[in-house]
Amino acid sequence: MDTDTTAGIIFGIGAYGLWGLMPLYFFLLQPAGAVEIVANRVLWSLVFCVLLITITRTWRVLGAAFRNRTVIGPLIIASVLIAVNWLTYVYGVTTGQAVEASLGYFINPLVSVLLGVVVLKEKLRPLQWAAVGIGFIAVGVLTVSYGKLPWIALTLAMSFGLYGFVKKRVGPRADAITSLTVETMVLAPVAAVAMTVLALTGAATLTAYGASHFWLLAASGIITAVPLLFFGASARRLPMTTIGLLQYFAPVLQFIVALAVFHEPMTTDRWIGFGVVWLALLVLTVDMLLTARKNSLNRKLARAAA
């Protein structure tokens, strides 16, 4: 592999590795609840982004994003979607449902395929149809297992799938830091109100549990932004096929943390349900690799013919 590809893989593993270990960070923030954690995440991320934009002198780029309707409109929608995703994920982790939260990110690639069909009217290949069908069977098995629809997993998969779709529509018109800054600026007033209400009702923990708790919450800005920066650096260097394979790294780590560290229970029927999900992902991965290989051969033949 060339240096650029190696760097891309390292950045990708760094991004998905940090996202995969995020439950450990949320666990350290107890007794803060989901709303307080997300509100702090928004406000401290904004502080970090403002510092970064000041250092890189890209205020003009940010201003241009706000003036461009084709950028600001989708990013406002993206901010709502990522807020839903963050709240649901933190709620899942802090209430002993980290296994189900990891399931959401396992299902996410299947949701992305479905979005392509429903929204973009894309035609699926046979293996993609098979993967989606197996995915629906998995949701049915897990619904029976949990005794209810796994709403945490489905909300995470749908919100993040839609978030990725919206961000893809924005494309290169807004880089990672500009996007995150706009999104946190949109959410900041709501986050500030939430923190005010928590403080007035005595439910806020930011300043109630010593300096270590305060700085752990304050670190959420860096902890949110760094994986995004790593992901952006990886995406610029790697083909989408490689990025698609690396994305499984995060839910695998989340799943391991939920079992090994949080000791969440896994019944036999849940193992079966997860097994069906992993089978769907295996089918989807095989299709992705075969398609990438076919496209690579076609490009080589085209160059040879030229």
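The text that follows walks through the structure, step by step, so that each part is easy to find. (Residues numbered from 1 in each chain as written. Predicted model: local features only at pLDDT ≥ 70, side-chain atom pairs only at ≥ 80, totals over all residues. Heavy atoms only, no water.)

Some points on helix α7 (residues 151-170)
Side chains that are three or four residues apart share a direction in an α-helix, a result of its 3.6 residues per turn.
And step 1. Helix length check: α7 (20 residues) gives 28 Å between terminal C-alpha atoms against 28 Å at 1.5 Å per residue, within 8%.
And step 2. Buried-residue contacts for α7 involve α4 (69-94), α5 (98-118) and α8 (176-200).
And step 3. Of the residues flanking the end of α7, it is G171, one or two places downstream, whose phi is positive at about 60°. (Helix = DSSP H or I, 4+ residues; strand = E, 2+ residues; numbered from the N terminus. Expected span 1.5 Å × (residues − 1). Contact = heavy atoms within 4.5 Å.)

Points about the pattern of salt bridges
Note that side chains of opposite charge can pair when their charged atoms are close.
And step 1. Taken as a whole and assessed by the stated rule, the structure comprises 3 salt bridges.
And step 2. Among the ionic pairs, R125 bridges to D287, the shortest N-O distance being 2.7 Å. A residue pair is termed long-range when its members are at least 10 positions apart, and R125 in the loop between α5 and α6 (126-146) and D287 in helix α13 (residues 268-305) qualify at 162 residues.
And step 3. A residue is classified by how much of its surface remains accessible, and R125, at 34% relative accessible area, is partly exposed. (Salt bridge = Lys/Arg side-chain N within 4 Å of Asp/Glu carboxyl O. Buried < 20%, exposed > 50% of the residue type's maximum accessible area, 1.4 Å probe, protein only.)

Describing the packing of aromatic side chains
And step 1. Overall, the coordinates contain 20 aromatic pairs when judged by the stated rule.
And step 2. Ring centres of Y16 and W19 lie 5.5 Å apart, and the angle between their planes is 70°; this geometry places the pair in the edge-to-face category. Placement of both Y16 and W19 in helix α1 (residues 3-28) is noted, with a separation of 3 residues, approximately one turn of the helix. The residues Y16 and W19 share a single accessibility class, namely buried.
And step 3. The rings of Y25, F26, Y89, Y105, F160 and Y163 are connected pair by pair, giving a single aromatic cluster.
And step 4. Geometry around W86 places R41 over its ring, the cationic atom sitting 4.2 Å from the centre. (Phe/Tyr/Trp six-rings, centres within 6.5 Å; stacked < 30°, edge-to-face > 60°. Lys NZ or Arg CZ within 6 Å of the ring centre and 35° of its normal.)

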